[in-house]
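A structural walkthrough
Read off the chains here:
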Amino acid sequence: SSQGAQPGCLSSFPSLGLGDSLQGLSEYHYEYTACDSLGSRWRVAVPHTPGLCTGLPDPIKGTECSFSCKAGEFLDMKDQSCKSCAEGRYSLGTGVRFDEWDELPHGFANVATTLEAAMPFWAMSTWVPLGDYIASNTDECTATLMYAVNLKQSGMVSFEYIYPDSSIVFEFFVQNDQCQPTVEESRWMKTTEKGWEFHSVELSHGNNVLYWRTTAFSVWSKTPKPVLVRNIGITGVAYTSECFPCKPGTYASKPGSTFCKLCPPNSYSGKGATSCQQCESNTYSEQGSGTCKPRPPCTDKDYFYTHTACDTNGETQLMFKWAEPKICSEDLPDAVNLPPSGVKTKCPPCNPGFFKTNSSTCEPCPYGAYSNGSGCISCPAGTEPALGLEYKWWNTLPANMETTVLSGINFEYKGMAGWEVASDYIYTAAGASDNDFMILTLIIPGFSPPQSVMEDAENKEVARITFVFETVCTVSCELYFMVGVNSKTNTPVETWTGSKGKQSYTYIVEKNATMSFTWAFQRTPYHEGRKYTNDIAKLYSINVTNVMDGVASYCRRCALESSGSSCTSCPPGNYIDRTSGACHPCAPNTYLKAHQPYGHQACIPCGPGTVSNKIHSLCYNDCHFLLAKDGRTLEYDFSTLANSTSFTSGPSFTTKGLKYFHHFNISLCGNHGRKMASCTDNVTDIRVPDGEVEFSKSVTSYACQSIVVPSDVMGYKTVVSSQPVSLADRFVGVTTETTLDHITSPPDYFPTENVGVPEVIFFYRSNDVTQSCNSGRATAIRMRCNPLKTGSGTLSMPRKCPDGTCDGCTFHFLWETAEACPLCSAYDYRAIVSACVGGIQRTTYVWREPKLCTGGSLLPEQTVSICKTMDFWLKVGISAGTCAAVLLTVMTCYFWKKNQKLEYKYSKLVMNATTKDSELPAPDSCAIMEGEDAEDDLIFTSKKSLFGKIKSFTTKRTSDGFDSVPLKTSSGNTDMDL
């Protein structure tokens, strides 16, 4: 064994039985010398004891180097001729076969490596011999099984393999002595569907190194199923000098055999056997056994119950049967006997859509009729049958279902039933061993969804399957639900471990094709006989909608043609009135439940910030959003982010140190409802040459995730992407609120100091329902305005949740970019007016700081206006001041002069009054004295001048508004006011 050897070119190649057998019991054996340039060689005798050189035959000329024997023959070195293998032995003629894997055969190298790190515990992650086959590792280490061979002529390598899990990369390739790989196109193995697959590759003359290499990528999923390899055969060696004995459990009854046959059950054989021996009655054996085992006493775990088909009286019988193969004995102490069968009970009704015939069998109702399991009833006028399949009564296995058992030992299918009917449920029977897989498969030829669904390219739901199940387990049993498309490999969709109470599960079918739905139940992965046969899985009901050529359990209202007689399809986006059968269009911004388009309630309002497409099949966001805030309307435009944007989280490491990343693709708003983000699984298609795209699995949505291992880590040509998951299949809405439709985007996940611009949040939901996410996954993308990050900006995840999710169901992202800022408007800039220079004044517009907008309105151009300078207004001011000063001076002089005259008149009147106190009173007089100016005393005139008005306002007035002048009466005693 070459344990610990490193992969790569090997400088020496072991020979394959090239004359190394003993020739009888002599003291020497024959070997050939190396071939010369002419292709010839010599036969020489080689002593068994080193140093013995006497009594040896002389060398003679050997056969040509290209000489070989046929399959079933060997080269007798004594006379250099081909002879048939004896009974109990076989040969490949020019090759060898490795079919015993109790230990690693001589010449094989088994290593575990990684390009990232060399750790001691990786040595445990190698291929493991398990008797009839060798199993690969199931972790992220790279395990390589190697074999080197020197072929004298062109030959072939062949082997059988089981490759059930695509999360493991399995490759087989051949390198020559220059370390150059050959047959590159067949390097990457394809997953197997049922049982062992045969694979062969041609080998060239000369040195060849064979590589079987596996690497698992199971970061999210449970431990994958290993790759199994057996019966490795190599042809092309020049000769084989002996035949190989049949291994225990096999035999060769005729001379010249090319292979050995397996012993049937309850028989055995030793090594090199020519026939198989029958086991004693108190012992048993499985197929291909080398020994017999004692039969254990029968227990209640060795039998199961089932029901017969209904007879003509409508009755069924309860039957008890021994589990096959029967390995227990009823004759031993404490053994139980098979319970009596034949108890009759009334047959259960037929399944919905079927009716019972006179012979008590169930037949499907014709098209246009429905049934609850009793009799067929024609659909009323204005209705049509809702085609599907519903199984809830289990008297016989339906015609489109089949059951079998996959051995957990040699992974071959057995001709026995894995599931048995039991009236109101179907359950797992007892297998040969508790690690057998009990298989139940339902085949659906195709689907007939509503016309509106077929016309909508973005509507993924074609149909759905719902089943009710239960598992009762005492150990870690597993129930697998798998889906196959067009007879291709079944893909595990969901797995339940341990006991699970009665519950339902729904899977949405997204492709109209022939589908297979498979349930596989394994009690335990360990081979321990029948210890846990009471651990069972039950299926109570299976319901599939929109089945092509299905049956109906009810009739639904349909849209009527204009004549009102026959059914037709409503135009897309129209619902059916339950009363009249008329088609009515859905209201704007609503989407229609296409699979149940009845009544206006079928038109569901779109979420905030979204609108419906033309056919009302979905709601989408057109990359625009309006928000009223503080008396203004903020407008957002995310058009530049519509296409797919990808980013990768920080590195993560598995328990064994493999570095991987969570890779996300996000298409924020898509293209009018068309999703643009795509994630792929290329584990089994890394072989795709440059320029070709052919992925085994891909997911297209608004947001998706995959596990990525860089190419430099694993040494492949390209990045390894696996386990794609959709995170966002449909829009929920776009809003600034933190919660929408029970999806919450906590602000503390992404703290911010900028509170000037509201953050817009996009909410989505996915269609994938898992055990932990009953409502499917959800996604919240928070858009944050950051003017410094132009273009697509940066995407990040919460620090609390480095994988983007804290609960495994809701994913949170922060997208910082300038494109998340609202469009610029007049509110976002201000004007700066310059000084008047040379009679010209300039107005410049600048953004308000900090600038929290993008695109939208542009800054207005600088404006120029004519203005008056300061010198001009200074001159005007001086001139006006001078004029005012002159006017004030003139008025002051005038009033001064006027006041002097009044004082003079007053004093004169006073003097006249004092000199005439003794005189008689004289009549009042207003006469003008000599020498006085009459115009100076006229106060009121019909037309006043400017100076007159000023003068009148400066004159003292009485309370009644008249001028008052103190005068003395003619008597000289009395003063009067005039």
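Definitions and limits used
- Residues numbered from 1 in each chain as written.
- Predicted model: local features only at pLDDT ≥ 70, side-chain atom pairs only at ≥ 80, totals over all residues.
- Heavy atoms only, no water.
- UniProt positions renumbered as here; feature names shortened; annotations may be inferred.
- Helix = DSSP H or I, 4+ residues; strand = E, 2+ residues; numbered from the N terminus.
- Buried < 20%, exposed > 50% of the residue type's maximum accessible area, 1.4 Å probe, protein only.
- Contact = heavy atoms within 4.5 Å.
- Areas by Shrake-Rupley, 256 points an atom, 1.4 Å probe, with all protein chains shown as cover.
- Pairing = 2+ DSSP bridges.
- Disulfide = S-S within 2.5 Å.
- pLDDT = per-residue confidence, 0-100.
- Polar contact = N/O pair within 3.5 Å; in protein donor to acceptor, adjacent residues only side chain to side chain.
- Core = buried A, V, L, I, M, F, W, Y, C linked by side-chain atoms within 4.5 Å.
- Phe/Tyr/Trp six-rings, centres within 6.5 Å; stacked < 30°, edge-to-face > 60°.
- Axes fitted to C-alpha atoms, helices over the stretch in contact; angles between N-to-C directions.
- Salt bridge = Lys/Arg side-chain N within 4 Å of Asp/Glu carboxyl O.

For the protein chain, the name recorded in an unreviewed UniProt entry is Endosome-lysosome associated apoptosis and autophagy regulator 1, with Crocodylus porosus as its organism. For the protein chain, the Sequence similarities (unreviewed entry) comment in UniProt is given as "Belongs to the ELAPOR family."

Overview of the overall build of the protein chain
The helix and strand tally for the protein chain stands at five helices and 75 strands. Looking at the protein chain as a whole, 44% of its 978 residues are labelled buried. The contacts in the protein chain between residues at least 6 apart in sequence include a share of 65% that link residues at least 24 apart. Surface accessibility of the protein chain: about 49,400 Å² in total, with carbon and sulfur atoms responsible for 54%.

Regarding the sheet that holds strand E33 (residues 401-406)
On the basis of which strands lie adjacent, the open sheet formed by six strands has the order E34-E33-E37-E42-E39-E40 and antiparallel pairing. Strand pairing shows two members of the sheet lacking a second neighbour, strand E34 (413-414) and strand E40 (491-497), which therefore form its edges. By the bridge criterion, six bridges tie E33 to strand E37 (residues 437-444) in an arrangement that is antiparallel. Looking at the pairing, Leu-406 lines up with Phe-437 of E37.

Focus: the state of the cysteines
Per the counting criterion, the structure on display carries 22 disulfides. Covalent S-S linkage joins Cys-785 and Cys-821, the inter-sulfur distance amounting to 1.8 Å. The sign of the 85 degrees torsion about the S-S bond sets the Cys-785-Cys-821 disulfide as right-handed. Here Cys-821 lies in the loop between strand E68 (810-817) and strand E69 (823-824) and Cys-785 lies in strand E66 (residues 778-785), a separation of 36 residues in the sequence.

Brief notes about the confidence of the model for the protein chain
With 83% of its residues at a pLDDT of 70 or more, the protein chain shows a mean pLDDT of 81. Within the model, pLDDT remains below 50 along residues 1-25, and this stretch shows 64 contacts once partners closer than five positions in the same chain are excluded.

With respect to the side chain of Ser-726
Considering the arrangement of structural elements, one finds Ser-726 in strand E61 (residues 720-728). On the accessibility criterion, Ser-726 (3% relative accessible area) is buried. Within the structure, Ser-726 has its side chain in polar contact with the side chain of Ser-701 (distance 3.4 Å). Polar contacts involving the side chain of Ser-726 include one to the side chain of Asp-729, which spans 2.7 Å.

With respect to unusual backbone geometry
Cis geometry marks the peptide bond from Glu-324 to Pro-325; its omega dihedral reads -5 degrees. Examined against the element boundaries, Pro-325 turns out to sit in the loop between strand E26 (315-322) and strand E27 (343-346). Following Glu-849, the chain continues to Pro-850 via a peptide bond in cis, the omega torsion being -5 degrees. For Pro-850, the position within the fold is in the loop between strand E71 (840-847) and strand E72 (854-856).

Considerations on the pairing of strand E54 (residues 632-637)
Summarising the sheet, strand E53 (residues 624-629) and E54 pair through six bridges and their orientation is antiparallel. Residue pairing across strands places Phe-625 opposite Tyr-636, the latter belonging to E54.

Focus: the nonpolar core
Membership of the largest hydrophobic core comes to 39 residues, with the highest contact counts inside it found for Leu-442, Phe-517, Trp-519 and Ile-542. Counting 37 residues, the second-largest nonpolar core is a separate cluster that includes Cys-669, Tyr-702, Val-757 and Val-760.

A closer look at the environment of Gln-503
If you trace the backbone, Gln-503 turns up in strand E41 (residues 500-509). Among the residues examined, Gln-503 registers a relative accessible area of 31% and is labelled partly exposed. Once the C-alpha coordinates of Gln-503 and Glu-470 are considered, the two residues, 33 residues apart in sequence, prove to be 6.6 Å apart. Leave out the neighbours within four places in its chain, and Gln-503 touches Phe-467, Val-468, Phe-469 and Trp-496.

Things to note about the packing of aromatic side chains
Scanning all chains against the criterion turns up 47 aromatic pairs. Centroid distance Phe-481 to Tyr-505: 6.0 Å. Interplanar angle 70 degrees. Geometry classified as edge-to-face. Taken together, the residues span a long stretch of sequence, with Phe-481 in strand E39 (residues 478-485) and Tyr-505 in strand E41 at a distance of 24 residues. For the pair Phe-481 and Tyr-505, a shared accessibility class is recorded, and that class is buried.

Some thoughts on the sheet that holds strand E67 (residues 794-796)
The strand order E62-E65-E66-E68-E67 describes an open sheet built from five strands, whose pairing is mixed. Edge positions in the open sheet fall to strand E62 (730-735) and E67, since each of these has one partner strand only. Sheet twist, expressed as the average angle between the axes of neighbouring strands with direction ignored, equals 20 degrees. In the sheet, E67 pairs with E68 via three bridges, with the strands oriented antiparallel. Residue Thr-794 lies in a different strand from E68, and its bridge partner there is Glu-816.

A closer look at the pattern of salt bridges
Applying the stated criterion across every chain, the model contains 16 salt bridges. A cluster of three or more residues bridged by salt bridges with shared partners is formed by Asp-76, Asp-79 and Lys-83.

Quick word on the pairing of E62
Of all six residues making up E62, five are buried, and the element is well covered by its neighbours. Examined bridge by bridge, E62 and strand E65 (residues 760-765) share five bridges and lie antiparallel to one another. In the strand pairing of E65, Gly-733 is matched with Phe-763.

Observations concerning the environment of Ala-273
Within the secondary structure, Ala-273 is located in the loop between strand E21 (267-268) and strand E22 (277-278). The class of Ala-273 is buried, set by a relative accessible area of 11%. Sequence separation between Ala-273 and Lys-247 is 26 residues; the distance between their C-alpha atoms is 7.9 Å. Sequence-distant contacts of Ala-273, that is, excluding residues within four places in its chain, are made with Gly-88, Cys-246, Thr-250, Tyr-251 and Ala-252.

Notes on the side chain of Glu-816
Here Glu-816 lies in strand E68. Note on Glu-816: relative accessible area 17%, which makes it buried. For Glu-816, the side chain forms a polar contact with the side chain of Lys-789, separated by 3.4 Å. Sequence-distant contacts of Glu-816, that is, excluding residues within four places in its chain, are made with Arg-784, Asn-786, Lys-789, Ser-792, Gly-793 and Thr-794.

Some thoughts on the environment of Lys-61
With respect to the helices and strands, the residue Lys-61 is situated in strand E3 (residues 60-61). For the pair Lys-61 and Val-44, spaced 17 residues apart in sequence, the C-alpha to C-alpha distance is 8.8 Å. Residues contacting Lys-61, with those up to four places away along its chain left out, are Ser-40, Arg-41, Trp-42, Arg-43 and Gln-80.

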